[in-house]
Amino acid sequence: PTEEHRGLVTLYGEDAVAAGEMAMAPGDEGDERWVRVLAVFDGHGLMGKEAARVAAERLLHESDRNAGELTAALLRHDVAAVKNIELRKYGTLDAHLEESLRSPTGGTTCSCVKLVRAQSRLFMVVSNVGDSPVLLINNKTKHVSIVSGRHSWDNPEERSKYL
């Protein structure tokens, strides 16, 4: 449902940054709608650089594909639907990495922020897989908040999920 998609993946060693903007058709009464994505990937293992690059490119594709569904869920204040969209995104990324790399010797973390504009409102969706946190910094007060969980093997709750 998007009219325009601009995305860029930049590599830094084994890390990648994906940035993109999806402009959507105007909603009722011609309101401006768009989704902006910024994601950081921390590749690891022998295939870490390739895993980070492949995941970054696929994330932009998935964000473009589900921009309308995500926007509708946010406008309904349907937190469960937003969470399901994000979980599906990571499931798709995982399957795509497995199919593309065909190697168990690498992977990547992902920390993602999406800004969604619709009906004169701005929403922020934050998600991550791995141990790279997302921070929210208030420029006026200089207050820093960690707005994502830490998913790593040394976290007992996460380790039990893996096992």
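For the structure itself, look to the data block above.
These remarks concern the structure in this document. All figures in this text were calculated on a predicted structure; none of them were measured in a lab. (Residues numbered from 1 in each chain as written. Predicted model: local features only at pLDDT ≥ 70, side-chain atom pairs only at ≥ 80, totals over all residues. Heavy atoms only, no water.)

When helices and strands are tallied, the protein chain shows four helices and seven strands. Order of helices (α) and strands (β) in the protein chain, N terminus to C terminus: β-β-β-α-α-α-β-β-β-β-α. Taken across its 163 residues, the protein chain has 37% of its residues classed as buried. Of the contacts made within the protein chain by residues no fewer than 6 positions apart, 51% connect residues no fewer than 24 positions apart. Carbon together with sulfur atoms contributes 54% to the accessible area of the protein chain, which is approximately 9500 Å² in total. (Helix = DSSP H or I, 4+ residues; strand = E, 2+ residues; numbered from the N terminus. Buried < 20%, exposed > 50% of the residue type's maximum accessible area, 1.4 Å probe, protein only. Contact = heavy atoms within 4.5 Å. Areas by Shrake-Rupley, 256 points an atom, 1.4 Å probe, with all protein chains shown as cover.)

Taken as a whole, this structure holds zero disulfides when the rule is applied. The structure places no disulfide on Cys110, whose sulfur is separated from the nearest cysteine sulfur, that of Cys112, by 5.4 Å. You can call Cys110 buried: its relative accessible area is 4%. (Disulfide = S-S within 2.5 Å.)

Let us now look at the nonpolar core. Counting residues in each nonpolar core, the largest one holds 33 residues, and the members touching the most others are Phe41 and Leu59. Those elements that place two or more of their residues in this core are strand E2 (15–24), strand E3 (34–45), helix H1 (48–65), helix H2 (67–75), helix H3 (79–101), strand E4 (106–118) and strand E5 (121–129). Each residue touching Leu59, except ones within four places of it in the same chain, is listed here: Val37, Ala39, Phe41, Lys89, Leu93, Cys110 and Cys112. (Core = buried A, V, L, I, M, F, W, Y, C linked by side-chain atoms within 4.5 Å.)

Where H2 contacts H3, the two axes come as close as 9 Å, and the packing angle between them is 155°. Classed by the angle they form, the pair H2 and H3 counts as roughly antiparallel. The way H2 lies across H3 gives a crossing that is left-handed. Of the residues in H3, those in contact with Glu69, Leu70, Ala73 and Leu74 of H2 are Ala81, Val82, Ile85 and Arg88. Residues of the contact of H2 with H3, tallied by class, amount to six nonpolar, no polar and two charged. (Axes fitted to C-alpha atoms, helices over the stretch in contact; angles between N-to-C directions. Parallel < 35°, antiparallel > 145°, perpendicular 65-115°, else oblique. Left-handed = near helix turned anticlockwise from the far one by under 90°. Nonpolar A, V, L, I, M, F, W, Y, C, P; charged D, E, K, R; others polar.)

With that out of the way, let us pick up a nonpolar patch on the surface. Taken together, the side chains of Leu135, Ile137, Val144 and Ile146 present a nonpolar region at the surface, about 390 Å² in accessible area. For the nonpolar patch, the elements supplying multiple residues, two or more each, are strand E6 (135–137) and strand E7 (144–146). Note on placement: Ile137 falls in strand E6. (Patch = residues over 30% accessible without salt bridge, like charges linked within 9 Å, V, L, I, M, F, W, Y side chains within 5 Å. Salt bridge = Lys/Arg side-chain N within 4 Å of Asp/Glu carboxyl O.)

We now examine H1. Taking 1.5 Å of rise per residue, the 18 residues of H1 would be expected to cover 26 Å, and the 25 Å separating its terminal C-alpha atoms lies within 8% of that figure. Of all the residues in H1, the buried ones are Gly48, Ala51, Ala52, Val54, Ala55, Ala56, Leu59, Leu60, Glu62, Ser63 and Asp64. (Expected span 1.5 Å × (residues − 1).)

It is worth spelling out the pairing of E3 at this point. As judged from the nine bridges shared by E2 and E3, these two strands associate in the antiparallel manner. Each bridged residue has a counterpart across the sheet, and for Met22 the counterpart in E3 is Val35. In terms of strand pairing, E3 meets E4 through twelve bridges, oriented antiparallel. Paired with Leu38 across the two strands is Val113, which belongs to E4. (Pairing = 2+ DSSP bridges.)

Here the focus is the side chain of Ser111. Along the chain, the position of Ser111 falls in strand E4. A relative accessible area of 7% means that Ser111 is categorised as buried. Not counting residues up to four positions away in its chain, the partners in contact with Ser111 are Leu38, Ala39, Val40, Ser127, Asn128, Ser132, Pro133 and Val134.

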